[in-house]
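# Coordinate inspection notes
For reference, the chains in residue letters:
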Amino acid sequence: MVHRRWLVTGGLGFIGSAFVRLALRERSDVAVTVLDAMTYAGNPANCAEVAHDSRYSFVKGDIADAARIDEAIGEGVDAIVNFAAETHVDRSILDPEAFIRTDVMGTHVLLEAARRHGVDRYLQVSTDEVYGDVDHGASTEADPIRPRSPYAASKAGGDLQVLAYHTTFGTPALVTRGSNTYGPYQYPEKLIPLFVTNLLDGEEVPVYGDGLQVRDWLHVDDHARGIAHVLEHGTLGEVYNLGGGNSRTNLEITKELIRLTGRSYDDSVRYVVDRPGHDRRYALDISKARALGWFPRVEFAQGLSETVGWYRERADWWRPLKSGEFRDYYRRQYALR
Ligand code: TYD
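Residues numbered from 1 in each chain as written. Predicted model: local features only at pLDDT ≥ 70, side-chain atom pairs only at ≥ 80, totals over all residues. Heavy atoms only, no water.

Our next topic: the nonpolar core. In this structure, Phe19, Val20, Ile80 and Ile227 are the most contacted members of the largest nonpolar core, which totals 61 residues. By residue number, the principal contributor to this core is helix 1 (residues 14-26), which donates eight residues. For valine 20, the residues in contact, after removing those within four places along its chain, are Val8, Gly11, Val32, Val34, Cys47, Val50 and Tyr56. Of all hydrophobic cores here, the second largest spans 30 residues; its members include Tyr185, Ile258, Phe300 and Leu304. (Core = buried A, V, L, I, M, F, W, Y, C linked by side-chain atoms within 4.5 Å. Buried < 20%, exposed > 50% of the residue type's maximum accessible area, 1.4 Å probe, protein only. Helix = DSSP H or I, 4+ residues; strand = E, 2+ residues; numbered from the N terminus. Contact = heavy atoms within 4.5 Å.)

Dropping the structure here:
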């Protein structure tokens, strides 16, 4: 069978690897080449279950390295799906430059590769954070972007280039903006995996400020399906919001995780100094993606409980990650709070 070939950049990361596993499981006519820089969050274990599939291949490389991208594209690919990014707001406050390099420059280099090789589709995986803080209502794709953290600004820079390439050069590009994502294989620096692994280890969890900030949670499998759906059915040059429809305060999430891990509030919650410029609330209007035929399926209570179950079972996956690089980061991030 002749396969459609997708170049998935950042395919060893959290959402990227879920997309790769899903694509190989559910689309028999698709072959995947993963390009990943294998920085701290790019982990070969995330694609271990598909690594022996003859339709899977891997190239180690940075999206800002044009020669590496050419090598990964080889004789040609049908689509480029770009998950490669620095993604953690707190790290962007400690070290903004890495975000500009990957999320802005890297996107530029990939877009140039897409032009050179004439791919049929380029999909940029982005985030609801580009809309900035929304105190009421929900962001639509037509809303202005008002990024407020170095991370969000770097992602917005990527989105704007992608849309400009569509307008200027006719690059067949699409953008998805996902809400906060949770599920298995998420590096334990973000709220849910950090708190779950701390709680399982009998440690405290650092709640920023009053803990009443609101995020909308999307299961990683729903997110991956949404990206595949937009890739195959979206209108070129358009942006699609992918939100889970599960708005919760951080404190609600924290209390639920405490319950699911059998811990107690008094022994585990530590209120710490708030994140500078902390966005209070994100919320996405997903009517446009719904009209295209996608909607989130995973029920939140069940998804969260299964995620905690996964971390409970897979200490072999996360425990090594919480030593080394992570320990240094954790000290820099939390010691003075
Ligand atoms: P995070 O997972 O970093 O995602 P984002 O900043 O992209 O939304 O954080 C989710 C929310 O949880 C955010 O409001 C910040 C908060 N938070 C904490 O209160 N403590 C923590 O240690 C972390 C990592 C996040």
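Taken together, 20 residues sit near the ligand, with Glu129, Arg215, Arg275, His278 and Tyr334 positioned nearest. Between the ligand and glutamate 129, the relevant distance is 2.2 Å, taken from an oxygen atom to a side-chain nitrogen or oxygen of the residue. Contact distances for the ligand include 2.8 Å between an oxygen atom and a backbone N or O atom of leucine 191. The protein chains hide 98% of the 510 Å² of surface that the ligand would expose on its own. The set of elements that each furnish at least two residues to the shell around the ligand consists of helix 3 (89-94), helix 6 (191-200) and strand 8 (205-208). Taken together, the residues that form the shell around the ligand break down as nine nonpolar, five polar and six charged. Among the domains, domain 1 (4-181 + 218-242) and domain 2 (183-215 + 246-278 + 300-323) are the pair contributing at least three residues each to the shell around the ligand. (Near = heavy atom within 4 Å. Polar contact = N/O pair within 3.5 Å; in protein donor to acceptor, adjacent residues only side chain to side chain. Areas by Shrake-Rupley, 256 points an atom, 1.4 Å probe, with all protein chains shown as cover. Nonpolar A, V, L, I, M, F, W, Y, C, P; charged D, E, K, R; others polar. Domains from an automatic or database assignment.)

Per the domain assignment, the segments making up the protein are domain 1 (4-181 + 218-242) and domain 2 (183-215 + 246-278 + 300-323). Between the C-alpha centres of domain 1 and domain 2 there is a distance of 25 Å. Each side of the interface is counted separately: domain 1 has 19 residues, and domain 2 has 17 residues. Taking both sides of the interface into account, the surface hidden between domain 1 and domain 2 amounts to around 1600 Å²; carbon and sulfur atoms contribute 48%. Taken together, the links from domain 1 to domain 2 amount to two salt bridges. Across the pair arginine 91 and glutamate 189 runs a salt bridge whose closest N-O atoms are separated by 2.6 Å. Linking domain 1 with domain 2 are eight residue pairs in polar contact (both at pLDDT 80 or more). Taken together, the elements giving at least two residues each to the side of domain 1 that touches domain 2 come down to helix 1, helix 3 and strand 7 (180-182). Class assignment of the residues belonging to the side of domain 1 that touches domain 2 gives a composition of seven nonpolar, seven polar and five charged. (Buried area = accessible area lost by both parts, 1.4 Å probe. Salt bridge = Lys/Arg side-chain N within 4 Å of Asp/Glu carboxyl O.)

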